[in-house]
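Commentary on secondary and tertiary structure
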Amino acid sequence: MKVAIYPGSFDPVTFGHLDVIRRAASMFDELTVSVLNNTQKTPLFSVEERVRILEEATKELPNVKVDSFSGLLINYAREKDVHIAIRGLRAITDFEYELQIAQTNRKLSNGELDTIFLTTSLEYAYLSSSSVKEIAEFHGDISQCVPDFVAKLVYEKYGHECEQ
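Residues numbered from 1 in each chain as written. Predicted model: local features only at pLDDT ≥ 70, side-chain atom pairs only at ≥ 80, totals over all residues. Heavy atoms only, no water.

Let us look at the environment of C145. Turning to its location among the elements, C145 is positioned in the loop between α5 (129-137) and α6 (148-157). For the pair formed by C145 and Y6, sequence separation is 139 residues and the distance between their alpha carbons is 19 Å. C145 has contacts with T14, F15, Y126, L127 and V132, leaving out every residue within four places of it along the chain. (Helix = DSSP H or I, 4+ residues; strand = E, 2+ residues; numbered from the N terminus. Contact = heavy atoms within 4.5 Å.)

Next comes the structure, spelled out in structure tokens:
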């Protein structure tokens, strides 16, 4: 069985993330979307909230599971016996950063963890979770960035009425 992990913060999940999830799910028998508990960041949503949001957003993809992890991806992948990580790329600047991480993971895992890069579809190339949060914080319209139910949750976090 071909399995892969798509790790990330997903704070919040965007249409760009969902594009990568759908495409990766079509390539693998099982895809685990894994929410990273990054202690270096202060997220808008808790890990548990992000897991629930992703479960809702991917409920129509039967081969997609949602999980969470802390620590190094290589340890999580080893624990799950998965040897492929999926990463999305929007621009060349993403590639430089992601390439370094992919090479580090491959080295630290003694060659057990490879990374497959999927370029984001052009209509989502501009999109980041950070920009979604900034737009929402200042009452902007994020309806083109995230599913409606996610937009509602983001606006609620900022104490705004749903702007749509």
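With that out of the way, let us pick up the pattern of salt bridges. Counted under the stated rule, the structure contains 11 salt bridges. In this structure, the salt-bridge partner of D11 is K133, at a minimum N-O distance of 3.1 Å. Of the two residues, D11 sits in the loop between β1 (3-8) and α1 (15-27) while K133 sits in helix α5, which places them 122 residues apart along the sequence. For K133, a relative accessible area of 19% gives the class buried. Of the charged contacts in the structure, one is a salt bridge between R78 and E112, with a shortest N-O distance of 3.8 Å. Residue R78 is located in helix α3 (residues 73-80), and its partner E112 is located in the loop between α4 (92-108) and β5 (114-119); the two are separated by 34 residues in the primary sequence. A residue is classified by how much of its surface remains accessible, and E112, at 37% relative accessible area, is partly exposed. (Salt bridge = Lys/Arg side-chain N within 4 Å of Asp/Glu carboxyl O. Buried < 20%, exposed > 50% of the residue type's maximum accessible area, 1.4 Å probe, protein only.)

Before going further, it helps to examine the UniProt feature "site: Transition state stabilizer" (unreviewed entry) in the protein. Residues annotated in UniProt with the feature "site: Transition state stabilizer" (unreviewed entry) correspond here to H17. By the secondary structure assignment, H17 is in helix α1. Discounting chain neighbours no more than four positions away, the residues touching H17 are Y6, F10, P12 and S129. (UniProt positions renumbered as here; feature names shortened; annotations may be inferred.)

What follows covers the packing of aromatic side chains. Evaluation of the coordinates by the stated rule reveals four aromatic pairs. With a centroid separation of 4.6 Å and 20° between ring planes, the pair formed by F69 and Y76 is classed as stacked. Classification of Y76 by relative accessible area gives buried; the value is 5%. (Phe/Tyr/Trp six-rings, centres within 6.5 Å; stacked < 30°, edge-to-face > 60°.)

Once that is clear, we can look at α1. Taking 1.5 Å of rise per residue, the 13 residues of α1 would be expected to cover 18 Å, and the 19 Å separating its terminal C-alpha atoms lies within 8% of that figure. Residues of α1 that are buried include every one of G16, H17, L18, D19, V20, I21, A24 and A25, and no others. Capping the start of α1 is the job of one residue whose side-chain oxygen sits 3.2 Å from the backbone nitrogen of G16: T14. (Expected span 1.5 Å × (residues − 1). Polar contact = N/O pair within 3.5 Å; in protein donor to acceptor, adjacent residues only side chain to side chain.)

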